[in-house]
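# Fold and geometry: a report
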Amino acid sequence: MSVSDRQPVGRVVALVPAHDEATTIRRAIAGLRSQTATPDRIIVIPDNCTDDTAAIAAAEGVEVRPTTGNADKKAGALNQTLAAILPDLVDDDVVLVQDADSILDAPFIERALMRLIDPRYGAVGGVFRGDDRPGFVAHLQRNEYARYARDVSRLQGRCLVVTGTAALFRVRTLREVAAGRLDGRLPVGDGHGGVYDTTVLTEDNEISFAILHLGYRIISPSACTLVTETMPTWHDLWAQRLRWKRGAVENCLQYGLTRVTWSYWGRQVLTMCGVLVTAIYLATLVVAVTLGTFAVHPFWLGITAIFIVERIVTVRLRGWRQMLLAATMYELVLDGFLQIVQGKAYVDALTGRRRQW
């Protein structure tokens, strides 16, 4: 891309939707203010809060815009605020959407803006790592996120979704998404033409689909890093991942098979095959042990060795101690857990089970 192809970037407006985030909102604001390229405005959006989120944000000196009658969670909260502020912004201004339980590393915005000057990109997301919450469940998530960061880095920022933890969008792109919901280029959503589709479980996945269908690219540069909250219990992790996985399936169904979604459909098919193969393998193993026909074969020992090496290498970002631990394959407990969640997501999506979030 030549210098003449680049588009100037205007003001940066940070939106931080928050539902009962009194314990984290101050750190999220501090992270924004410590950026090497600080946002021109920081707007906290308290949504149906029952704690002191709004008061803490106000005391920090940022704009506070509570939602009014919102029943559509994060997507609805963002749509209310975007409807109010977009008319006063120009096309080259930038909106940063950040979760209130996330903290951006200092260069995040600056590095993201360097990518966003390329008009081919409709959104720039981040690469996240887990917080320092104690406990085994949080530890497993930190390893999982480290592997995701490694994958994104090896792919030079190419990603499937701009993460909801933090992402930057040009105002021009957001306006085009809202218009696309009304003129038939994109799924209609709730029919009101908002930027975010309030009818889906995973608004970040859906808006990624929308941006890609409008002809833009998305990217998560390895330099755009942040810390995000880990789930404290298996129950919380189950609820989070079931929403993510079912939402991804339903977004594919929503958009159908297109030039954009075919690769996503392919991943879903491979994942479904993985769930089935795992179930068959475990059933076969149980039968073999029960009948006393279980035996160790060199072929399967070799396959196991490959898996062990993969576990060790892919967690390098967390240091040699975690690499040694990974060799024990203790993380299989998380892999099995996620396989079960994935299977449940498929069943719920296909049977139309009532959503709970």
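In what follows, the structure referred to is the one given above.
Residues numbered from 1 in each chain as written. Predicted model: local features only at pLDDT ≥ 70, side-chain atom pairs only at ≥ 80, totals over all residues. Heavy atoms only, no water.

## Some points on the environment of Ala326
One can find Ala326 in helix α11 (residues 320-326). Every residue in contact with Ala326, bar those within four places of it in the chain, is listed here: Arg147, Arg311, Ile312, Val315 and Glu331. (Helix = DSSP H or I, 4+ residues; strand = E, 2+ residues; numbered from the N terminus. Contact = heavy atoms within 4.5 Å.)

## A few points about the sheet that holds strand β10 (residues 225-228)
Either a parallel or an antiparallel arrangement is found when strands of a sheet pair, and the pairing is made through backbone hydrogen bonds. In space, the three strands of this open sheet follow the order β5-β10-β7, with mixed pairing throughout. At either end of the open sheet lies a strand with only one pairing partner, and these are β5 (102-104) and β7 (127-130). The sheet shows a mean angle of 30° between the axes of neighbouring strands, direction not considered. Sheet topology places β7 next to β10; four bridges connect them, and they run parallel. In the sheet register, Phe128 faces β10, and the bridge partner there is Leu226. Of the strands in this sheet, β7 and β10 touch helix α5 (residues 136-154), which is tilted by about 160° from β7. (Pairing = 2+ DSSP bridges. Axes fitted to C-alpha atoms, helices over the stretch in contact; angles between N-to-C directions.)

## Digging into unusual backbone geometry
With phi around 55°, Lys73 is a residue other than glycine that occupies positive phi space. What makes Lys73 partly exposed here is its relative accessible area of 35%. A positive phi angle, near 55°, is found at Gln156, a position not held by glycine. (Buried < 20%, exposed > 50% of the residue type's maximum accessible area, 1.4 Å probe, protein only.)

## Here's the deal with the pairing of strand β2 (residues 41-46)
Regular strands place their side chains on alternate faces of the sheet. For β2, the tally of buried residues reaches five of six residues, placing the bulk of the element in the interior. For strand β1 (residues 12-18) and β2, the ladder comprises six bridges, and the chain directions are parallel. Opposite Ala14, over in β2, you have Ile42 as the bridge partner. The parallel pair β1 and β2 is bridged by helix α1 (residues 25-33), and the resulting crossover is right-handed. (Right-handed = clockwise from strand over helix to strand, strands pointing away.)

## Observations regarding the nonpolar core
Core analysis: the biggest nonpolar cluster contains 37 residues, and Leu15, Leu82, Val95, Phe169, Val195, Tyr196 and Ile211 have the highest contact counts within it. For this core, the elements supplying multiple residues, two or more each, are β1, β2, α3 (73-85), β4 (94-98), β8 (166-170), α6 (171-183), α7 (203-213) and α8 (234-255). If you look at the next biggest cluster of nonpolar residues, it comprises 30 residues, including Val16, Ile25, Leu32 and Val124. (Core = buried A, V, L, I, M, F, W, Y, C linked by side-chain atoms within 4.5 Å.)

## Notes on the packing of α8 against helix α12 (residues 332-351)
Running from amino to carboxyl end, α8 crosses α12 at an angle of 50°, the nearest separation of the two axes being 8 Å. In this view, α8 runs oblique relative to α12, as classed from their interaxial angle. Of the two possible hands of crossing, α8 and α12 adopt the one that is right-handed. On α12, the residues touching Trp234, Leu237, Trp238, Arg241, Leu242, Lys245, Arg246, Val249 and Glu250 of α8 are Val333, Leu334, Phe337, Leu338, Ile340, Val341, Gln342, Lys344, Ala345, Tyr346, Asp348 and Ala349. Among the residues forming the contact of α8 with α12, the class breakdown is 14 nonpolar, one polar and six charged. (Parallel < 35°, antiparallel > 145°, perpendicular 65-115°, else oblique. Left-handed = near helix turned anticlockwise from the far one by under 90°. Nonpolar A, V, L, I, M, F, W, Y, C, P; charged D, E, K, R; others polar.)

## Remarks on the pattern of salt bridges
In the structure shown here, the tally under the stated rule is 19 salt bridges. For Arg41, the salt bridge identified is with Glu63, shortest N-O distance 2.8 Å. Residue Arg41 is found in strand β2, and its partner Glu63 is found in strand β3 (residues 63-64); the two are separated by 22 residues along the sequence. Here Glu63 falls in the partly exposed class, since its relative accessible area comes to 28%. Here the salt bridges share partners, and the residues they tie into one network are Arg26, Arg33 and Glu60. (Salt bridge = Lys/Arg side-chain N within 4 Å of Asp/Glu carboxyl O.)

## Focus on a nonpolar patch on the surface
Nonpolar side chains collect at one region of the surface, where Phe136, Trp234 and Val333 lie side by side and expose about 250 Å² of accessible area between them. Examined against the element boundaries, Val333 turns out to sit in helix α12. (Patch = residues over 30% accessible without salt bridge, like charges linked within 9 Å, V, L, I, M, F, W, Y side chains within 5 Å. Areas by Shrake-Rupley, 256 points an atom, 1.4 Å probe, with all protein chains shown as cover.)

## A closer look at α6
Along its 13 residues, α6 runs 18 Å from first to last C-alpha, staying within 8% of the 18 Å computed at 1.5 Å per residue. All of the buried residues along α6 are Val171, Thr173, Leu174, Glu176, Val177, Ala178, Gly180 and Arg181. Here the buried face of α6 lies against α3, β4, β6 (121-125), β8, α7 and α8. Downstream of α6 by one or two residues, Gly184 has phi in the positive range, about 95°. (Expected span 1.5 Å × (residues − 1).)

## Concerning the packing of α5 against α12
For the pair α5 and α12, interaxial distance at closest approach is 10 Å and the crossing angle is 85°. When the axes of α5 and α12 are compared, the pair comes out roughly perpendicular. For the pair α5 and α12, contact is made by Phe136, Leu140 and Glu144 and by Val333, Leu334 and Leu338, respectively.

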